[in-house]
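Examination of the molecular architecture
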Amino acid sequence: MENLYPVLKEKGYKKIKFKISKTQHLLISGTINGIKGNFILDTGASNSCVDFKGIEFFGLSASDSDTKAAGAGGTGMLTQTSVKNTLKLGRWTTKNLGLVIFDMSHVNEALLQYKAKPVHGIIGADILLKGKAIIDYYNSCFYLK
């Protein structure tokens, strides 16, 4: 189906555009607590997260966490958490967003090596599940309910 939007709009879905980076990542814009940022949409990331620099940038209230992060950058990375944040992607909003905060310098260094722009964070499966996401690669967008 070339255009899913009319069908999904009737079911309460909101359309959010993405761009495909030079590194084949899906890039989206959004706001956390009213502050605009750039994010990777990552179906393989269990939780949405931001870099430690995002604490000040997005005005997060952060607390230490015993959980260690693991991902493409390695394992055992120290983390903090922030709860009760507002995330807006296009016209879709959630007001009770929990974020994992960790050092994303390895992610941004890798992007810069490919002359791609750095990101503030990652939108993960927590949001995709909450919004009953449908990813439409053909039209470079995804839908959240």
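The following paragraphs examine the structure supplied in this document. Position numbers for residues count from 1 along each chain, tracking the sequence in the order it is written. Restriction of local features to residues with pLDDT of at least 70 applies here, the model being predicted, together with a cutoff of 80 or more for giving and counting side-chain atom pairs; totals for whole chains, interfaces and linings are based on all residues. Working from all heavy atoms in the structure, the side-chain values ignore hydrogens and water.

This part takes up the layout of surface pockets. Lining residues are defined by having an atom within 4 Å of a point belonging to a cavity or pocket. Those points lie on a 1 Å grid over the protein atoms alone, cavities being sets where a 1.4 Å probe fits but cannot get out and pockets being open sets with protein on both sides within 12 Å along at least five of seven lines. Grid points are joined across faces, edges and corners, and a volume is the space filled by probe spheres set on the points. In this structure, the second largest pocket occupies an estimated 310 Å³ of space. Along the walls of the second largest pocket sit 15 residues, with Lys 19, Ser 21, Leu 27, Asn 38 and Lys 117 positioned nearest its centre. Elements supplying a minimum of two residues to the lining of the second largest pocket: strand E3 (26-32) and strand E4 (35-41). It is E3 that provides the largest number of residues to the lining of the second largest pocket, a total of three residues. Every helix listed is a DSSP run of H or I at least four residues long, and every strand listed is a run of E at least two residues long, numbered separately from the N terminus.

Next up on the list: the packing of aromatic side chains. Each aromatic ring pair is characterised by the separation of its centres together with the angle its planes make. When the centres of two rings from Phe, Tyr and Trp lie within 6.5 Å, Trp using its six-membered ring, the rings pair. Their planes under 30 degrees apart give stacked, over 60 give edge-to-face, and anything left gives tilted. One pass over the full model with this rule turns up four aromatic pairs. Aromatic side chains Phe 18 and Tyr 137 sit 6.2 Å apart centroid to centroid with 65° between the ring planes, which places their arrangement in the edge-to-face category. Here Phe 18, found in the loop between strand E1 (14-17) and strand E2 (19-20), pairs with Tyr 137, found in the loop between strand E12 (134-136) and strand E13 (141-144); they are 119 residues apart in sequence, far enough to count as distant. Here the aromatic cluster, defined as three or more aromatic residues joined through ring pairs, consists of Phe 39, Phe 57 and Phe 58. Between the NZ or CZ atom of Lys 15 and the centre of the ring of Tyr 5, over which it lies, the distance is 5.3 Å. In this analysis the charged atom, NZ for Lys or CZ for Arg, is taken to sit over a ring once it is within 6 Å of the ring centre and within 35 degrees of the ring normal.

Let us now look at the side chain of Asn 85. If you trace the backbone, Asn 85 turns up in strand E9 (residues 79-89). Burial classification: accessible surface area is computed with a 1.4 Å probe over protein chains only, and a residue below 20% of its type maximum counts as buried, one above 50% as exposed, and the rest as partly exposed. On the basis of relative accessibility, which here comes to 3%, the residue Asn 85 falls in the buried class. Definition of a polar contact: a pair of N or O atoms within 3.5 Å, with one able to donate and the other able to accept a hydrogen when the atoms are protein atoms, and with sequence-neighbouring residues admitted only if both atoms are side-chain atoms. Within polar-contact distance, the side chain of Asn 85 engages the side chain of Asn 33 at 3.0 Å. Sequence-distant contacts of Asn 85, defined by excluding residues within four places in its chain, comprise Ile 32, Asn 33, Leu 60, Thr 94, Lys 95, Asn 96, Leu 97 and Leu 99. Should any heavy atoms of two residues lie within 4.5 Å, those residues are considered in contact.

The next point concerns the sheet that holds E13. Across a sheet, paired strands are connected by hydrogen bonds in the backbone, their directions being either parallel or antiparallel. Read from one edge to the other, the open sheet built from three strands follows the order E1-E13-E12, with strand pairing classed as antiparallel. Of all strands in the sheet, those with a lone pairing partner are E1 and E12, marking the two edges. Neighbour to neighbour, the strand axes of the sheet diverge by 25° on average, direction disregarded. Bridging between E12 and E13 involves three bridges; their strand directions are antiparallel. Within E13, the residue paired with Ile 134 across the bridge is Tyr 143. DSSP-based pairing: two strands are paired if at least 2 bridges between them are found. What counts as an axis is a line fitted to C-alpha atoms, over the stretch in contact for a helix, and the angles between N-to-C directions run from 0 to 180 degrees.

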